[in-house]
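Residue-level structure breakdown
Single-letter residue listing:
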Amino acid sequence: YATPVTEWTEEGNRLSADIISTFAWTNRQVMLHIESAPADYELWINGRRTAVNRDENSPADYNITKRVKEGRNRVEIVLNRPSDLAPIEGWKTGNEKLGKVWVASSPTMGVRDVLVSTSMGEESPSTATAEVGIIVKSYALNPRTVRIFYELDDPAGRTVVRGQSDLTLSMRGEDTVRLIASVPDTLLWRSDKPQHHTLRIRTQREGRYSEYHQYPLGLRTIGHAKGKLLVNGREEALQIVPCTPDATPEHLAEIRQSGANTIRLNAGAVASHLYAVCDTLGLYVIAQAPIDSHKAGSSRAVGGNPSNDPAWVPFYLERVENSYHAAKRHPSVVGFSIATSSANGIALYESFLRMKALEANRPVIYPSAEGEWNTDRIE
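Report follows, based on the coordinates. Model, not experiment: these values are computed from the prediction.

1. Comments concerning the nonpolar core
By size, the foremost hydrophobic cluster in this structure holds 37 residues, and its most contacted members are Leu 252, Ile 263, Leu 265, Leu 274, Tyr 275 and Ile 338. Once residues within four sequence positions are removed from consideration, Leu 265 is found in contact with Cys 243, Thr 244, Pro 245, Val 270, Leu 274, Tyr 275, Val 285, Ile 286, Ala 287 and Gln 288. Core analysis: the second largest hydrophobic core is formed by 26 residues, Tyr 150, Val 161, Leu 199 and Tyr 215 among them.

2. Topic: the side chain of Asp 40
Positionally, Asp 40 belongs in the loop between β4 (29-34) and β5 (41-45). A residue is classified by how much of its surface remains accessible, and Asp 40, at 2% relative accessible area, is buried. Of note is the side chain of Asp 40, whose polar atom sits 2.7 Å from the side chain of Ser 83. Residue contacts for Asp 40: discarding those within four places in its chain leaves Asn 53, Arg 54, Glu 56, Val 78, Leu 79, Asn 80, Ser 83, Asp 84 and Leu 85.

3. Here's the deal with the sheet that holds strand β13 (residues 159-169)
On the basis of which strands lie adjacent, the open sheet formed by four strands has the order β13-β12-β15-β16 and antiparallel pairing. The sheet terminates laterally at β13 and β16 (208-217), the two strands that pair on one side only. Averaged over all neighbouring strand pairs, the angle between strand axes comes to 15°, with direction disregarded. Bridge count for strand β12 (residues 144-153) against strand β15 (residues 197-205) is seven bridges, and the pairing is antiparallel. Looking at β15, one finds that Phe 149 is bridged to Arg 202.

4. Here we look at the pairing of strand β20 (residues 240-243)
Strand direction decides the pairing type here: β20 and strand β21 (residues 262-265), joined by four bridges, are parallel. Residue pairing across strands places Cys 243 opposite Leu 265, the latter belonging to β21.

5. Here we look at the packing of helix α1 (residues 249-257) against helix α2 (residues 274-281)
Relative orientation and spacing of two packed helices are given, respectively, by the angle between their axes and the distance between those axes. Running from N to C, α1 and α2 cross one another at 35°; their axes reach a closest spacing of 10 Å. As for how α1 packs across α2, the hand of that crossing is right-handed. Together, Pro 249, Leu 252, Ala 253 and Arg 256 of α1 and Leu 274, Val 277, Cys 278 and Leu 281 of α2 make up the contact between the two elements. Considering only residue class, the contact of α1 with α2 consists of seven nonpolar, no polar and one charged.

6. A short note on unusual backbone geometry
The peptide bond linking Arg 81 to Pro 82 adopts the cis configuration, its omega dihedral lying at -5°. The topology assignment puts Pro 82 in the loop between β8 (71-79) and β9 (101-106). Phi is positive for Asn 27, which is not a glycine, with a value near 65°. Relative to the assigned elements, Asn 27 resides in the loop between β3 (14-21) and β4. Backbone geometry at Ser 341 places phi at a positive 45°, although glycine is not the residue there.

7. Side note on empty space enclosed by the protein
Under the criterion given, the structure shown has one cavity of 30 Å³ or more. Roughly 50 Å³ of internal volume is contained in the largest cavity. For the largest cavity, the full set of lining residues is Leu 229, Leu 238, Ile 286, Val 334, Gly 335, Phe 336, Pro 363, Ile 365 and Ile 378.

Definitions and limits used
Residues numbered from 1 in each chain as written. Predicted model: local features only at pLDDT ≥ 70, side-chain atom pairs only at ≥ 80, totals over all residues. Heavy atoms only, no water. Core = buried A, V, L, I, M, F, W, Y, C linked by side-chain atoms within 4.5 Å. Buried < 20%, exposed > 50% of the residue type's maximum accessible area, 1.4 Å probe, protein only. Contact = heavy atoms within 4.5 Å. Helix = DSSP H or I, 4+ residues; strand = E, 2+ residues; numbered from the N terminus. Polar contact = N/O pair within 3.5 Å; in protein donor to acceptor, adjacent residues only side chain to side chain. Pairing = 2+ DSSP bridges. Axes fitted to C-alpha atoms, helices over the stretch in contact; angles between N-to-C directions. Left-handed = near helix turned anticlockwise from the far one by under 90°. Nonpolar A, V, L, I, M, F, W, Y, C, P; charged D, E, K, R; others polar. 1 Å grid on protein atoms, 1.4 Å probe; cavity = no way out; pocket = protein on both sides within 12 Å on 5 of 7 lines; lining within 4 Å. Points joined across faces, edges and corners; volume = space filled by probe spheres on them.

Listed below in structure tokens is the structure:
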């Protein structure tokens, strides 16, 4: 039910397009996905303001069910120009374009996300334990029950675990189905052998299948010690090169063939294909939060760099969290950078702590920390 939205009209700061909601979407949820935008924006549906997005660099999903009607509907993206967030977007040139947009229909109750956690066994270091969480969300106003069928296959197509679980969720409730699998270390994802397990999910309600999902999962552990990155418990020497976040698959392949094994992204909107391509190539990625305040200088005094201004803390936290959630399931992402050349201060201290709260094992770096505590050291 996913349909790209490609025909946009631009008038000043307003981008507009039409979408069609069909009869088949009755009693389902209508979702709008916006990969990125040239500036922070307001989303309007049929003349009504529906959402405000202050981080246009990260993908966003909007439930527009209550705003649309059957037939033709008007979508408008109103860009905030000039943006009051310009002080932390120092990489921008003014030539940024609207990213991919699509509209889709989903069941009122279904899969919202998949989380993966892998750990090496203490008693048997040649075997890892993978825990997969299937997050199920209901948008209904009354309790509903759904049956979740799941199957995890190894890279050779052999079934590792298969099962089903019934969930009853209350009004707009959410719950998680968990499955645990034992994985030999020879089947873990790593740079020189980027192999994937496959997770297949079906949802069934009132005897009818309503969703089919398939996820490639690169199962691997990640950590760091004494300045070294650890993948599946083994030290990895990194050959790092900078890379634009809109790099093509061909350019990424060239980087991998050159002998480099790691890219550190520049600030900006990450192309939708980038992480998946790096997963396939075995190219490590240090993901970059879209924060760059170098144009504000290095002063921490009042009126100086926003990194030391408490008023900017919510904007920094939103951006580092969005960066994390966009990349968290990709095995190629071995670290996160919270900012680029943005001095230091309260906003980056809080950003580092928030990233560590989201996930403790993956390194979080800030090269401009200049010896302060809010960075992990990775060589």
